[in-house]
Amino acid sequence: MHSPEDGKKHKTRRNFLGQALTAAGTAIAAPSLLNQATAAQTEKPAPGQGELSVSLNINGKQQTLAIEPRVTLLDTLRERLGLTGSKKGCDHGQCGACTVLVDGQRIYSCLALAVMQEGKQIVTVEGLAKGDVLHPVQTAFIENDGLQCGYCTPGQICASVALLDEVKRGCASAVTVDLTKPQLMNLSEAEIKERLSGNLCRCSAYNGIVAAVQQATGQTPPSPAAAMLVREAGVPA
Ligand code: FES
Ligand code: FES
């Protein structure tokens, strides 16, 4: 039989246990809540061991990340930022599936370290459209069947956007005939193929890709090869 004194002791013990558990729960929860609040305030994840804090401008948005110096731009885009438009084909600088624009120049993002891109403007295929309005090169790829499986397409499109800009700036290619003034309107099929030779397509959708670039340069018809296919199919051009 319990005396009133025992009940008091029980209550006290229960209260003590309850208070101890509450305190322990608060102690466990407090640091993580504090961490969340701090992260939300600063949006700067603290670098872990071997990591560096890097601020990258991607598609016009500044983002700060803690990453190891060995991480490529491609892996940062795909694995850390969810920008999976840029594809990993070879991861060796051989296929061009990972092509992005950095300060307007096309690069293989699988060969670029993310930590070296601070202060530069990075544009991926996700950043080419303006809201719902596609970039003219994207539209040209759709209208000329410049793709089959689509795996190489983001790289092809980024490379084509850079190609147009390079011609406008007067950059010559290995097959440019008149080195003094390469012109978009005079860009031959051979020129386009040469200038896109760093981007491979396993589906071999090259006719459509060339036609898309021709359309983007303002040329018509899009492609002699495409026109030939249309003729062979008996479809009015
Ligand atoms: S994945 Fe970068 S060149 Fe192939
Ligand atoms: S469309 Fe399939 S790899 Fe180019």
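In the block above lies the structure referred to throughout.
Note that the coordinates shown come from a computational prediction; the quantities given were computed from them, not determined experimentally.

Conventions used here
Residues numbered from 1 in each chain as written. Chains lettered and ligands numbered in written order. Predicted model: local features only at pLDDT ≥ 70, side-chain atom pairs only at ≥ 80, totals over all residues. Heavy atoms only, no water. Helix = DSSP H or I, 4+ residues; strand = E, 2+ residues; numbered from the N terminus. Contact = heavy atoms within 4.5 Å. Areas by Shrake-Rupley, 256 points an atom, 1.4 Å probe, with all protein chains shown as cover. Core = buried A, V, L, I, M, F, W, Y, C linked by side-chain atoms within 4.5 Å. Buried < 20%, exposed > 50% of the residue type's maximum accessible area, 1.4 Å probe, protein only. Salt bridge = Lys/Arg side-chain N within 4 Å of Asp/Glu carboxyl O. Pairing = 2+ DSSP bridges. Axes fitted to C-alpha atoms, helices over the stretch in contact; angles between N-to-C directions.

A. The arrangement of the overall build of the chain in detail. Counting secondary structure elements, the chain contains seven helices and five strands. What you see in the chain, going N to C, is helices and strands ordered as α-β-β-α-β-β-β-α-α-α-α-α. Across the chain, the fraction of contacts at a sequence separation of at least 24, relative to all contacts at a separation of at least 6, is 52%. Accessible surface computed for the chain: about 14000 Å², of which carbon and sulfur atoms make up 57%.

B. Region of the structure containing the nonpolar core. Counting residues in hydrophobic clusters, the biggest one holds 25 residues, and the most contacted among them are Leu128, Ile157, Leu163 and Leu196. Counting residues per element, the ones that place at least two in this core are helix H3 (136-143), helix H4 (153-168) and helix H6 (206-217). If you tally residues by element for this core, the top one is H4, at eight residues. Grouped together as the second largest cluster of nonpolar side chains are 13 residues, Leu83, Val100, Val102 and Ala114 included.

C. Structural context of the pattern of salt bridges. Inspection of every chain in the model, using the stated rule, returns seven salt bridges. Here Lys88 ties to Asp91 by a salt bridge, and the two come within 3.6 Å at their closest N and O atoms. A salt bridge links Glu166 to Arg106, with the shortest nitrogen-to-oxygen separation between them at 2.8 Å. Residue Glu166 is located in helix H4, and its partner Arg106 is located in strand S4 (residues 105-108); the two are separated by 60 residues in the primary sequence. Its relative accessible area of 23% is what places Arg106 among the partly exposed residues.

D. Representation of the sheet that holds strand S5 (residues 121-123). If you walk across this open sheet you meet the five strands as S2-S1-S5-S3-S4, and the pairing is mixed. Looking along the sheet, the strands with just one partner apiece sit at the ends: strand S2 (61-67) and S4. Averaged over neighbouring strand pairs, the angle between their axes works out to 40° when direction is ignored. Where strand S1 (residues 52-58) lies against S5, two bridges are found, and the strand directions are parallel. Residue pairing for S5: Ile58 is matched across the bridge by Ile122. Packing of helix H2 (residues 73-80) onto the sheet brings it into contact with S1, S2, strand S3 (99-102), S4 and S5, and relative to S2 it is tilted by some 100°. Packed on one face of the sheet, H4 meets S3 and S4 and runs near 40° to S3.

E. Inspection of the pairing of S2 at higher detail. Along S2, five of the seven residues are buried, which leaves the element largely enclosed by surrounding structure. In this structure, S1 lies alongside S2, joined through seven bridges in antiparallel fashion. Its bridge partner being in S2, Ser53 is matched across the sheet by Ala66. Here S1 hands over to S2 after two residues, with Asn59 in that stretch at a positive phi of 50°.

F. Spatial organisation of the pairing of S4. Where S3 and S4 come together, four bridges link them in antiparallel fashion. Note on S4: the bridge partner recorded for Leu101 is Arg106. Remark: two residues form the turn of the hairpin made by S3 and S4, two consecutive strands paired antiparallel; Asp103 in that turn has positive phi of roughly 50°.

G. Structural view of the environment of Glu143. Mapped onto the elements of the fold, Glu143 is located in helix H3. C-alpha separation for the pair Glu143 and Ala211, spaced 68 residues apart in sequence, amounts to 9.3 Å.

H. Representation of the environment of Gln117 in the model. Looking at where Gln117 falls in the secondary structure, it is placed in the loop between S4 and S5. Residue Gln117 is classed as buried on the basis of its relative accessible area, which comes to 5%. Note: C-alpha distance between Gln117 and Asp103 (14 residues apart in sequence) is 9.6 Å.

Purely spatial values, then, with no claim about function.
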